[in-house]
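Structural description and commentary
The primary structure of each chain is shown beneath.
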Amino acid sequence: MTTRDAPSAGDVAAEPGRAERKATAWLVRSLALLRVAQLTPGALTVATSSDHYRAAALMACLFIVEVAWCAALFAAALRRGWFTKAAMLTDAGFQAVVTVAVGWLCIDGQATQTANWSVAPVVGASILASLFLSRPALFIITAGLIISYLVGVSADLPEHWVNALGNVGAIAAFTWAASLVGVRLIQESRSADAAAQRAADEEQERVRVEARFAERTRQYRRLHDTVLSTLEGIARGGLDYVAVGVRQRCASDANLVRSLSAAVDHVSDLSPLPVVLAQAMRDVQSFGLEIHAHSDRIPHAIPNEVVDAAAGAVREALNNVWKHARVDEAWVTTRGEVDGGILIRIVDNGVGFDPEKVGASGGLDGSIRRRWAEVGGVTHLDSGPTGTMVELIWSP
Amino acid sequence: MESVIRVAAVDDHALILQGFRGWIEEVPEFGFAGGFTTVADCLSQEPVPDAVVLDIHLNDKSLPAQNVRALKSAGVVVCVVSSDEEAMTVIGAIEAGADGYFRKGDNLDALSAGIKEALIGGKPVSPELAFILSRDARSDRPELTKREHEVLDYFGSGLTWERVATRLGIAPATVKVHLRNIRAKYANRS
C-alpha cells in the first residue's frame, strides 16, 4: 500500500508532482490542527466535568489513549507527507470503538451533550476517510461511525434524540464538505502537475527539434561547401570531370553524402558521429586515399567529447595509413554495439609496423590511444607485414 | 561460354550507364551488351547478356528482388550495385538469387572479378556485402556459426582473406569456404 493512494476513486497515483506534494502536506497540517481543535474541548470537559461520567478515572484514561493515538497518527503522517490507507482505516475503527465506550461511560442524559467528547474525533476520522475512499466506501465508513455513535448514546435516545440527530447531521455534513474541498484540492494540484509536466515535455521536444535543425543546418552547410561547389564547377564547364583531381573530389563528395545518409538510416534522431567522421574521412581522402566507409546502427546518445575524440582518432589513423602504409585505400567501419557503445575499425592492407618499436610519442600513442583513453575508450592495435587494424571501442 | 563475356548495365541514369559502358569496354574479356533503364528492356534483347550490372533501385518502381528473379530465370549472372548500403534491400536481392553485391563507387576491378567468379558458378562476397550480412539483425536470419560470424565481421571490415585467416588462426582457403557456406545459407532462402 502506498502513502499516496488517490483520494478520487479510480485514479492511479503516479509519483506525485511538486504541486501535489505541497497540497497533501498542507492537508496533513490542516487535519492535525483540526484534530487538536477537536480534542481541546474534550480535554476541558474530562478535566472539569467528572460528575458527568460513571467512571471519571476510566474516562480520563480513555481520553489519554485517544490523544496518544492521534499524536502517533499525525506524527507519522507529518513525517511521511501523507497518511497510509491502513492508518486511515485504523483511525476510523479506533474512533468507532471509542465513541461507543464514551457514550456508555456518560451518565444518563449526558451522552448526547458536550460531555461526549468523542463526536469531534469521529468527525475527524470521517473527514480523513473522505480523502481516500470512493463515495460508496466513504458512505459505509461514515455510516459505521454514526451507528457506533448511536450505539454509545442509545440509552439517551428516547429523551434526547434531537441532540443525537444534530450530532449525526454534523458528522455527515462535515464529512461531505471536507470531501468536496480535500478531493478538489488534490485533483487541482494533480492538474497543475500534469500541466507542468506537459510544459517540460514540450520544452524538451523543442530543444530536441532545435538540435536536429542545427545538425541538419551543419550538414547542409557541409554539402554546400563540398558537393554543391563541385557540381556547380562541373556545370559551369570550368572543370574537366575526367581529370584525376576532379574525380577524386567527386569520390570524396560521394563518400560524404553516403555517410550523411547513413546517419539517418537507423535512428530517429540524427547522430552526429557519422557526420563528424565523414568530415574527418573527407579531409584525408582529399590527399588521394580512397576510403571505404561502412556504418550501422550508430547510437545517437554519444557524448560530444567521445564524438570529437573519435573524429580526431580516425583522422590520425587515416593520416598514418596515408603517410606510412604505402596503399591507396583504407576501410573505416563504424557500428553500434548492444550495450549502446560503438566500435570503429580503421583497416589498411599495406605495410604495417611493429607496435613494440613505435615510440610512446608517436601518433598512435599520442593522438589516438591517449585521446581515446581520455574519454574512456579502449584502443586495440594489430599491425603486421600485411596491414594494420586499429580498433576503437567505447562503452557508455 | 563465348570468348567475350557480354555484360549489360541496367540503371536509370544515363550518365551512370555511360560510365559502366566505359568501364566494361576497358575490361579485355568483356563486351558491352547495352545499357538499359529497365530489366524488361534488357531481357527483350536477343541474345540476353551473360551478365548484368543491376542498379538496386530503378525508377520504374519495380522491386529489386523481382528484377533479380527475372534476370536469374533468364540465366543471367546478376551483380547488384547501389550508391549506399540499404541493408535490407541488398539482403533481399541476395536472397532472391543475386550473385554479388558491390557499391557503385567502389573498385571496378572487384566488380569485374566478381562477375568472372559468378560466371564459373561462384558467389562473390565483397567486403560491403560481408558487412551487410554481418549486421543482419532479423530474427529469422539464416543461422550462422560463431566462426562464420567472425569471418563476416573481419572481412566486412576490409581485411583480406589472408589477414582474416591469420587473425582467426585458420587457413585462407578455410575463410573462403566459410564465405561460400554463408552465401549458400542465404541462397537457400530464395
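Basis of the calculations
- Residues numbered from 1 in each chain as written.
- Chains lettered and ligands numbered in written order.
- Predicted model: local features only at pLDDT ≥ 70, side-chain atom pairs only at ≥ 80, totals over all residues.
- Heavy atoms only, no water.
- Core = buried A, V, L, I, M, F, W, Y, C linked by side-chain atoms within 4.5 Å.
- Buried < 20%, exposed > 50% of the residue type's maximum accessible area, 1.4 Å probe, protein only.
- Contact = heavy atoms within 4.5 Å.
- Helix = DSSP H or I, 4+ residues; strand = E, 2+ residues; numbered from the N terminus.
- Pairing = 2+ DSSP bridges.
- Phe/Tyr/Trp six-rings, centres within 6.5 Å; stacked < 30°, edge-to-face > 60°.
- Lys NZ or Arg CZ within 6 Å of the ring centre and 35° of its normal.
- Axes fitted to C-alpha atoms, helices over the stretch in contact; angles between N-to-C directions.

A:Met59, A:Trp82, A:Phe83 and A:Trp117 are the most contacted members of the largest nonpolar core, which has 48 residues in total. Setting aside residues up to four positions removed in sequence, A:Met59 forms contacts with A:Val46, A:Tyr53, A:Val102, A:Leu105 and A:Trp117. Among the nonpolar cores identified, the runner-up in size contains 45 residues, and B:Ala8, B:Val39, B:Val90 and B:Val125 belong to it.

All right, on to the pairing of strand 5 (residues 387-394) of chain A then. All names here are of chain A. With 7 of 8 residues buried, strand 5 lies mostly within the body of the structure. Direction of pairing for strand 3 (residues 342-348) relative to strand 5: antiparallel, over a ladder of 7 bridges. In the strand pairing of strand 5, Ile344 is matched with Leu392. Taking the residues that link successive antiparallel strands as the turn, the strand 4 (residues 378-384)-strand 5 hairpin has 2 residues.

Attention now goes to the packing of aromatic side chains. Each aromatic ring pair is described using two quantities: the centre-to-centre distance and the angle formed by the ring planes. Applying the stated criterion across every chain, the model contains 7 aromatic pairs over all chains. Here the aromatic residues A:Phe74, A:Trp82 and A:Phe83 are joined through ring pairs into a cluster of three or more. Lying across the ring of B:Phe30, B:Lys116 places its NZ or CZ 5.8 Å from the centre.

Time to look at the sheet that holds strand 3 of chain A. Residue and element names in this part refer to chain A. Spatial strand order, 1-2-3-5-4: 5 strands in an open sheet with mixed pairing. The sheet terminates laterally at strand 1 (290-296) and strand 4, the two strands that pair on one side only. Taking each pair of neighbouring strands and ignoring which way they run, the sheet shows an average axis angle of 10°. Across 7 bridges, strand 4 lies against strand 5 in antiparallel orientation. Across the sheet, the residue bridging to Thr379 is Leu392, located in strand 5.

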